[in-house]
Amino acid sequence: MMKRLALLSLVVATLLIIAGFSAIGSESQSLTCLACEGGVVDKAPCEAFTVKITFKNTGKSEGTWSVNIAFEGESWTWSGTAQTLSLKPCKTKTLTWNGNVPCDAPIDSVARLIVYYDNSFTPLNWWIHVVPGAELTITSSTVQ
């Protein structure tokens, strides 16, 4: 019975791994690139940040999109200003947004970067983690 359970567990684990690789392989190239970038950026309340995103027209004709970004979390949000993006087929362009973490963003809160275009959205693998702006350092001490 124990041998059978171990074998069944191994088969299930193998199938899950194969399914995971199949799902990764079936994603489009742009989504694959999104998976290889990202991280958590520490910022203090009121601190400035810059977001740069490169877009590519993978279609067969020229297109124009209204693109915007937002950082969205349970405790705070920030929204950029929409930009118009026009691209010929196979061409790329990088758009830049500048913003500030809201001054009332709670310490230890996080918000995720979301890109909005074509009446849809794509969450990216970038988060802002709010950290204290003040840091205490001991510069000297004495004992007598």
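Owing to the predicted nature of the structure, the values given are computational and were not obtained by experimental measurement.

Enquirer: Explanation requested: the overall build of the chain in the structure shown.
Expert: A tally of helices and strands in the chain yields two helices and eight strands. Looking at the 144 residues of the chain, the share that counts as buried comes to 24%. For the chain, contacts bridging at least 24 residues in sequence account for 67% of all contacts bridging at least 6. Of the roughly 10500 Å² of accessible surface on the chain, a fraction of 58% belongs to carbon and sulfur atoms.

Enquirer: Sorry, what's going on with the environment of Thr 81 here?
Expert: For Thr 81, the position within the fold is in the loop between strand 4 (77-79) and strand 5 (83-87). For the pair Thr 81 and Trp 97, spaced 16 residues apart in sequence, the C-alpha separation works out to 7.7 Å. When neighbours within four sequence positions are excluded, Thr 81 is seen to be in contact with Val 67, Asn 68 and Trp 97.

Enquirer: I'm lost on the pattern of salt bridges in this one. Help?
Expert: In total, this model carries one salt bridge according to the counting rule given. When the shortest N-O distance is used, the salt bridge between Glu 47 and Lys 43 registers 3.8 Å.

Enquirer: I'm lost on the environment of Trp 97 in this one. Help?
Expert: You can see Trp 97 is positioned in strand 6 (residues 92-100). Remark: the alpha-carbon pair of Trp 97 and Ala 70, spanning 27 residues in sequence, is separated by 9.9 Å. In contact with Trp 97, not counting residues within four places along its chain, are Phe 49, Thr 50, Val 51, Ile 53, Phe 55, Val 67, Asn 68, Ile 69, Trp 78, Gly 80, Thr 81 and Gln 83. Within the structure, the side chain of Trp 97 is placed 2.9 Å from the backbone oxygen of Thr 81, a separation counted as a polar contact.

Enquirer: What am I meant to see in the state of the cysteines here?
Expert: Each disulfide is one covalent bond, formed between the sulfur atoms of two cysteines. Following the criterion strictly, the structure yields one disulfide and no others. Note on cysteine connectivity: Cys 46 is disulfide-linked to Cys 103, with sulfurs 1.9 Å apart. Separated by 57 residues along the polypeptide, Cys 46 in the loop between strand 1 (39-43) and strand 2 (48-56) and Cys 103 in the loop between strand 6 and strand 7 (110-117) bring together distant segments of the chain. Residue class for Cys 46 comes out partly exposed when judged on its relative accessible area of 36%.

Enquirer: Please clarify how the confidence of the model for the chain should be interpreted in this entry.
Expert: Regions with low pLDDT carry predicted coordinates that are not meant to be interpreted in detail. Model confidence for the chain is summarised by a mean pLDDT of 83, while 75% of its residues fall at 70 or above. Confidence drops under pLDDT 50 across residues 2-17; counting only partners more than four residues distant or on other chains, this segment forms zero contacts. Ignoring residues within four places in sequence, the model shows residues 19-32, a span with pLDDT below 50, making two contacts including any to other chains.

Enquirer: Which parts of the structure should I look at to understand the packing of aromatic side chains?
Expert: Geometrically, a pair of aromatic rings is defined through the distance of the ring centres and the angle of the planes. In the structure shown here, the tally under the stated rule is four aromatic pairs. Measuring from ring centre to ring centre gives 5.1 Å for Phe 49 and Phe 71, while their planes differ by 75°; the resulting arrangement is edge-to-face. Taken as a pair, Phe 49 in strand 2 and Phe 71 in strand 3 (residues 63-72) lie far apart in primary sequence, 22 residues in all. Judged by relative accessible area, Phe 49 falls into the buried class, the value being 6%. Taken together, a centroid distance of 6.5 Å and an interplanar angle of 50° make the contact between Phe 71 and Trp 78 tilted. The pair Phe 71 / Trp 78 is uniform in exposure class, with both members buried. Through a chain of ring-to-ring contacts, three or more aromatic side chains come together here, namely Phe 49, Phe 71 and Trp 78.

Enquirer: When you look at the nonpolar core in this model, what are you seeing that I'm missing?
Expert: Across soluble globular proteins, nonpolar side chains have a tendency to be buried as a group. Ile 53, Phe 55, Phe 71, Trp 76 and Trp 97 are the most contacted members of the largest nonpolar core, which totals 22 residues. Looking at this core, the elements with two or more residues in it are strand 2, strand 3, strand 5, strand 6, strand 7 and strand 8 (120-130).

How each quantity is defined
- Residues numbered from 1 in each chain as written.
- Predicted model: local features only at pLDDT ≥ 70, side-chain atom pairs only at ≥ 80, totals over all residues.
- Heavy atoms only, no water.
- Helix = DSSP H or I, 4+ residues; strand = E, 2+ residues; numbered from the N terminus.
- Buried < 20%, exposed > 50% of the residue type's maximum accessible area, 1.4 Å probe, protein only.
- Contact = heavy atoms within 4.5 Å.
- Areas by Shrake-Rupley, 256 points an atom, 1.4 Å probe, with all protein chains shown as cover.
- Salt bridge = Lys/Arg side-chain N within 4 Å of Asp/Glu carboxyl O.
- Polar contact = N/O pair within 3.5 Å; in protein donor to acceptor, adjacent residues only side chain to side chain.
- Disulfide = S-S within 2.5 Å.
- pLDDT = per-residue confidence, 0-100.
- Phe/Tyr/Trp six-rings, centres within 6.5 Å; stacked < 30°, edge-to-face > 60°.
- Core = buried A, V, L, I, M, F, W, Y, C linked by side-chain atoms within 4.5 Å.

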